[in-house]
Number of protein chains: 2
Amino acid sequence: MGLTRARIAVDAMGGDFAPEEIVAGAIKASAELDLDVLLVGDKQQIDSLVEKYNSKETASVEVIHAEDVITMKEEPLTGIRRKPKASINVAMDLVKGKKADAVVSAGHSGAAMASALLRLGRLKGIERPAIGAVLPTIIPNKSVIVLDVGANVDCKPKYLEQFALMGTIYSKYVLGNEEPQVGLLNIGEESSKGNELALATHKLLADNSQIPFLGNAEGRDVLSGEFDVIVCDGFVGNIVLKFAEAIGEVMLQIMKEELPKGWRGKVGTVLLKPNLRDIKRRIDRAEHGGALLFGVAGICIISHGSSRQGSMFNAIRSAKEAIDNDVLEKIKSYNNQRLESENNHTEAASASSK
Amino acid sequence: MGLTRARIAVDAMGGDFAPEEIVAGAIKASAELDLDVLLVGDKQQIDSLVEKYNSKETASVEVIHAEDVITMKEEPLTGIRRKPKASINVAMDLVKGKKADAVVSAGHSGAAMASALLRLGRLKGIERPAIGAVLPTIIPNKSVIVLDVGANVDCKPKYLEQFALMGTIYSKYVLGNEEPQVGLLNIGEESSKGNELALATHKLLADNSQIPFLGNAEGRDVLSGEFDVIVCDGFVGNIVLKFAEAIGEVMLQIMKEELPKGWRGKVGTVLLKPNLRDIKRRIDRAEHGGALLFGVAGICIISHGSSRQGSMFNAIRSAKEAIDNDVLEKIKSYNNQRLESENNHTEAASASSK
């Protein structure tokens with residue numbers, strides 16, 4: 001504790017319910033998770049919200065003024081460049097200047113990524129950052145991390161290989177899977193199945209001794225719990241993620257329509273109220289926790305645009321878990337091993353060709 | 001009726017529960033939907049099943065012997081070529097020889113597609129066939145057709161344009177949507193979003209006056225009911241379809257675990273039994289009906305490998321609906337219009353360049 005307490009910079013202005021829900025969630029996280037929060041954004045607005053929500057003053061919050069905001073309609077790279085004092089940029093600068101250990105934002109995810117890339121830079125050996133989303137599986141208390149869910153719409157096989165490596169580390173050190181099983185999202189189990197990208201990636205993953213590759217994962221396997229890490233390009237991943245989020249609502253809607261039909265239905269539904277609430281909670285969990293931006297030189301959690309205080313709380317907890325488990329250093333060290341072994345291979349190859 | 005009664009060739013040997021469940025479902029469909037069924041496969045086995053299930057002899061079934069079967073493990077094209085007397089080939093030949101109006105198979109879907117391509121050929125103007133799956137939406141009694149869900153893993157924009165055209169016709173004439181809304185599966189609403197394929201396809205769809213293009217559909221929009229037709233490449237489509245099928249089971253599993261908890265839960269669950277059955281039915285519906293193979297010169301319905309008699313019944317009904325609504329002729333006529341207008345454009349262009 002003390003000097004090693006996690007310090008998390010929160011973009012207080014990002015998200016559909018910013019700043020109020022963001023500030024409320026951040027204060028709760030600081031108080032309950034024993035960490036410092038730096039709330040970045042319009043000081044006047046945030047100060048009054050801190051006063052409202054931190055009545056007991058158990059949270060450790062500091063407000064850092066940022067005069068600008070990137071709106072959802074802005075083109076991310078342009079916005080980030082034109083507005084150096086936007087809240088997401090100021091938050092990112094805190095990490096760059098080692099005044100914070102992580103950034104959490106529920107704002108424009110493209111802008112958060114652009115800001116992280118420009119301000120923190122990429123990790124050595126990672127060519128493209130990836131957004132990793134943690135989803136619940138059918139096995140209670142078991143999650144799967146899917147990456148990329150939207151950072152890269154067109155991918156090369158080696159990007160997916162790098163995603164697999166980063167996902168493995170996250171699964172092992174943050175989600176606690178000692179032997180994570182990695183899957184490649186594909187349309188069949190056989191190695192001969194798939195589009196050009198999947199076919200080439202399959203070979204790379206199978207040949208990489210750092211990656212515990214189990215094989216192809218079909219759409220039906222995403223939530224089966226058989227895989228701990230699933231890699232795909234950001235186009236497919238984003239569609240699956242958004243489909244998954246929506247289908248929870250579809251299911252709740254169907255239940256809402258069907259359960260109260262008839263007198264038995266009405267009585268039964270009243271009796272089942274607490275259980276239905278638990279079901280809703282399990283289904284909703286998919287949207288929680290925020291997604292980690294992998295491959296940049298800092299910890300950056302992207303939370304859902306519709307985040308309210310509960311989601312913000314969970315996103316900050318995800319940031320803390322990544323900090324506490326030293327994910328960044330572990331990714332760096334694995335990457336260095338990989339790069340060294342690749343160099344050795346290249347040297348050996350050029351030596352043998354002499 | 002009489003001479004215009006639909007005649008449907010059923011691959012009795014295809015599927016995990018063939019021939020028994022297939023034969024049982026086909027007999028039920030013939031009796032209840034007023035159509036002729038040609039059961040193709042091992043005559044001896046099928047004869048005894050017909051005796052077992054057609055006890056009242058209300059169904060009109062004929063058994064056509066086929067001495068071979070394509071197994072799930074065979075490479076489709078090789079299997080289809082090596083085994084001309086495989087049940088799927090014999091069934092396809094019945095359509096080719098105008099002895100049947102459609103083929104239904106729950107066997108190897110790749111083999112069914114290869115057989116259809118080799119025996120029936122492609123429709124003029126369609127470069128690649130597509131598999132179209134009809135999914136329920138959140139709006140009661142409203143479906144959406146998604147294509148391609150697995151025939152083509154790597155697509156060109158013009159393939160997706162052709163899929164959109166065929167899906168529009170199906171939606172209009174079979175699903176009864178007078179003004180179908182077409183969506184392109186993508187990762188954002190804006191036309192600037194997407195991978196290379198999506199960007200190029202967006203432009204083609206927007207420029208095609210035959211296609212009622214509403215815009216991009218995100219993962220969350222697939223089941224929203226806002227779109228009647230959604231086009232995508234077969235890689236993404238297959239993953240989304242299999243994910244959708246599995247998530248129904250996940251939801252039922254969560255309900256099974258959570259609902260009976262506590263005494264209120266136990267009593268409530270007993271009371272709700274009929275309603276829960278209705279929910280299961282609504283969720284299960286996603287797997288029913290079979291998928292239509294679009295773009296080949298004949299009607300071919302691909303049913304789920306795990307089809308039991310209920311799914312087979314629904315697949316045969318889908319075939320009948322396609323026949324009754326003359327889908328094939330309508331696709332041909334739209335295509336001819338399109339090809340003519342393209343020719344006119346080309347001629348006009350070459351005339352103006354002279």
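The rules behind the values
- Residues numbered from 1 in each chain as written.
- Chains lettered and ligands numbered in written order.
- Predicted model: local features only at pLDDT ≥ 70, side-chain atom pairs only at ≥ 80, totals over all residues.
- Heavy atoms only, no water.
- Helix = DSSP H or I, 4+ residues; strand = E, 2+ residues; numbered from the N terminus.
- Rg over C-alpha atoms; globule rule 2.2 N^0.38 Å.
- Buried < 20%, exposed > 50% of the residue type's maximum accessible area, 1.4 Å probe, protein only.
- Contact = heavy atoms within 4.5 Å.
- Buried area = accessible area lost by both parts, 1.4 Å probe.
- Salt bridge = Lys/Arg side-chain N within 4 Å of Asp/Glu carboxyl O.
- Polar contact = N/O pair within 3.5 Å; in protein donor to acceptor, adjacent residues only side chain to side chain.
- Nonpolar A, V, L, I, M, F, W, Y, C, P; charged D, E, K, R; others polar.
- Least-squares fit on C-alpha atoms with pLDDT ≥ 70 in both.
- Pairing = 2+ DSSP bridges.
- Right-handed = clockwise from strand over helix to strand, strands pointing away.
- Core = buried A, V, L, I, M, F, W, Y, C linked by side-chain atoms within 4.5 Å.
- Phe/Tyr/Trp six-rings, centres within 6.5 Å; stacked < 30°, edge-to-face > 60°.
- Lys NZ or Arg CZ within 6 Å of the ring centre and 35° of its normal.
- Domains from an automatic or database assignment.
- Axes fitted to C-alpha atoms, helices over the stretch in contact; angles between N-to-C directions.
- Parallel < 35°, antiparallel > 145°, perpendicular 65-115°, else oblique.
- Left-handed = near helix turned anticlockwise from the far one by under 90°.
- 1 Å grid on protein atoms, 1.4 Å probe; cavity = no way out; pocket = protein on both sides within 12 Å on 5 of 7 lines; lining within 4 Å.
- Points joined across faces, edges and corners; volume = space filled by probe spheres on them.

*Asks:* Please clarify how the overall build of chain A should be interpreted in this entry.
*Replies:* Scanning chain A from terminus to terminus reveals 12 helices and 11 strands. At 22 Å, chain A has a C-alpha radius of gyration in line with the 20 Å of a compact globule built from 354 residues. Summarising its shape, the C-alpha atoms of chain A cover approximately 75 × 60 × 40 Å along the three principal directions. By residue count, 56% of the 354 residues in chain A fall in the buried class. Look at the contacts in chain A between residues 6 or more apart in sequence, and 71% of them connect residues 24 or more apart.

*Asks:* So what exactly am I meant to see when it comes to the interface of chain A and chain B here?
*Replies:* Interface size, as often reported, equals the accessible area lost upon joining of the parts. At the interface, 55 residues of chain A touch 55 residues of chain B. Buried area between chain A and chain B, both sides added, is near 5,000 Å², and the carbon and sulfur share of it is 73%. On the surface where chain A and chain B come into contact, there are two salt bridges. Here chain A and chain B share 16 residue pairs in polar contact (both at pLDDT 80 or more) between them. Going through the elements one at a time, α7 (196–207), α8 (234–258), α9 (262–271) and α10 (273–284) of chain A are the ones with two or more residues in the side of chain A that touches chain B. Top contributing element to the side of chain A that touches chain B by residue count: α8 of chain A, with 19 residues. Residues that form the side of chain A that touches chain B fall into these classes: 31 nonpolar, 12 polar and 12 charged.

*Asks:* Before we go on, may I ask you to explain the relation of the copies chain A and chain B in this structure?
*Replies:* Mapping chain A onto chain B calls for a screw motion: a turn of 180° about the axis and a shift of 0.0 Å along it, with 0.1 Å RMSD after fitting. Here the transformation between the copies is reduced to the relation of a two-fold axis. In terms of proximity to the rotation axis, the leading residue of chain A is G268 of chain A, whose C-alpha is 2.1 Å off the axis. In this assembly the copies share their binding face: 100% of the residues contributing to the interface of chain A also contribute to that of chain B.

*Asks:* Explanation requested: the pattern of salt bridges in the structure shown.
*Replies:* Pairs may arise between side chains of opposite charge once their charged atoms sit close together. According to the stated counting rule, one finds 38 salt bridges over all chains in the structure shown. Its salt-bridge partner being E20 of chain A, residue K52 of chain A comes within 2.6 Å of it at the nearest N-O pair. Taken together, the residues span a long stretch of sequence, with K52 of chain A in helix α2 (residues 43–53) and E20 of chain A in helix α1 (residues 20–33) at a distance of 32 residues. Residue D207 of chain B pairs with K203 of chain B through a salt bridge whose shortest N-O separation is 3.0 Å. With D207 of chain B and K203 of chain B both in helix α7 (residues 196–207) and four residues apart, the pair spans about one turn of that helix. With relative accessibility at 56%, the residue D207 of chain B sits in the exposed group. What makes K203 of chain B exposed here is its relative accessible area of 56%. Linked through salt bridges whose partners overlap, the residues forming this network are R5, R7, D34, D36 and E62 of chain A.

*Asks:* Where do I start with the pairing of strand β7 (residues 182–185) of chain B in this structure?
*Replies:* For a regular strand, side chains alternate in direction, first toward one face of the sheet and then toward the other. Residue and element names in this part refer to chain B. Residues V182 and L184 line one face of β7 and the alternating positions G183 and L185 line the opposite face, and both faces are buried. For β7 and strand β8 (residues 213–217), the ladder comprises four bridges, and the chain directions are parallel. The residue bridging L184 from the neighbouring strand is N216, located in β8. Once the chain exits β7 it traverses α7 before rejoining the sheet at β8, and the crossover so formed is right-handed. As defined by bridge partners, β7 adjoins strand β9 (residues 229–231) across three bridges and the pair is classed as parallel.

*Asks:* Is there a simple way to think about the nonpolar core in this case?
*Replies:* Side chains of nonpolar character tend, in soluble globular proteins, to be buried together. Judged by nonpolar contacts, the single largest core of 243 residues is most densely connected at V10 of chain A together with V10 of chain B. Leave out the neighbours within four places in its chain, and V10 of chain A touches I22, A26, V37, L38, L39, V40, V104, M312 and I316 of chain A.

*Asks:* Looking at this structure, how should I read the packing of aromatic side chains?
*Replies:* Where two aromatic rings form a pair, the distance of their centres and the angle of their planes describe that pair. Within this structure, the stated rule accounts for three aromatic pairs over all chains. Arranged with centres 5.4 Å apart and planes meeting at 85°, the rings of Y170 of chain A and F294 of chain A form a pair that is edge-to-face. Here Y170 of chain A, found in helix α6 (residues 157–173), pairs with F294 of chain A, found in strand β10 (residues 291–294); they are 124 residues apart in sequence, far enough to count as distant. Accessibility assignment for this pair places Y170 of chain A and F294 of chain A in one class, buried. With 6.1 Å between their ring centres and 65° between their planes, F243 of chain A and F243 of chain B make a pair best called edge-to-face. Note that F243 of chain A is positioned in helix α8 and F243 of chain B in helix α8 (residues 234–258), a pairing that runs across two chains. Side by side, F243 of chain A and F243 of chain B carry an identical accessibility label, which is buried. Geometry around F17 of chain A places R308 of chain A over its ring, the cationic atom sitting 3.7 Å from the centre. The side chain of K28 of chain B reaches across the aromatic face of F313 of chain B, ending 4.3 Å from its centre.

*Asks:* Whenever I open this one, the domain arrangement of chain A confuses me. Can you help?
*Replies:* All names here are of chain A. What the domain assignment reports for chain A is domain 1 (1–123 + 295–309) and domain 2 (127–290). With centres defined by C-alpha atoms, the gap from domain 1 to domain 2 works out at 27 Å. At the interface, 10 residues of domain 1 touch 10 residues of domain 2. Run the count over domain 1 and domain 2 and you get zero salt bridges. Taken together, domain 1 and domain 2 are joined by one residue pair in polar contact (both at pLDDT 80 or more).

*Asks:* For this particular structure, what's the right way to read the packing of helix α1 (residues 20–33) of chain B against helix α11 (residues 309–324) of chain B?
*Replies:* To describe two helices that pack against each other, one gives the angle between their axes and the distance between the axes. Residue and element names in this part refer to chain B. Relative orientation of the contacting elements α1 and α11 amounts to 45°, with a least axis distance of 8 Å. As summarised for this structure, α1 and α11 are arranged oblique, according to the angle between their axes. In terms of crossing hand, the pair formed by α1 and α11 is right-handed. Together, E21, I22, A24, G25, A26, K28, A29, E32 and L33 of α1 and Q309, M312, F313, I316, R317 and K320 of α11 make up the contact between the two elements.

*Asks:* How do you make sense of empty space enclosed by the protein when you look at a structure like this?
*Replies:* To find leftover empty space, a probe the size of one water molecule is rolled over the atoms. All names here are of chain B. Applying the stated rule across the entire model yields six cavities of 30 Å³ or more. Empty space within the largest cavity amounts to approximately 70 Å³. Forming the walls of the largest cavity are 13 residues, and the residues nearest its centre are D11, I70, I88, G107 and H108. Split into classes, the residues belonging to the lining of the largest cavity amount to seven nonpolar, five polar and one charged.

*Asks:* Looking at this structure, I do not really get the packing of α1 of chain A against α2 of chain A. What am I missing?
*Replies:* Residues and elements named next belong to chain A. In contact at an axis separation of 10 Å, α1 and α2 are set at 50° when each is read in the N-to-C sense. Judged by the angle between their axes, α1 and α2 are oblique. α1 and α2 meet at a crossing whose hand is right-handed. In contact with E20, V23, A24 and I27 of α1, α2 contributes I46, L49, V50, K52 and Y53.

*Asks:* It is not clear to me how the sheet that holds strand β4 (residues 102–105) of chain A should be interpreted in this structure. Could you clarify?
*Replies:* Within a sheet, neighbouring strands are paired by backbone hydrogen bonds and run either parallel or antiparallel to one another. Residue and element names in this part refer to chain A. Read across the open sheet, the 11 strands follow the order β3-β2-β1-β4-β11-β10-β5-β6-β9-β7-β8; overall the sheet is mixed. Both outer strands of the open sheet, β3 (60–65) and β8 (213–217), are each paired with one neighbouring strand and no more. The average angle at which neighbouring strand axes cross in this sheet is 25°, direction not considered. As paired strands, strand β6 (residues 143–147) and strand β9 (residues 229–231) are joined by three bridges and run parallel to one another. Looking at the pairing, I145 lines up with V229 of β9. Packing against the sheet, α6 makes contact with β5 (130–136), β6, β7 (182–185), β9 and β10, and its axis sits at approximately 165° to β9.

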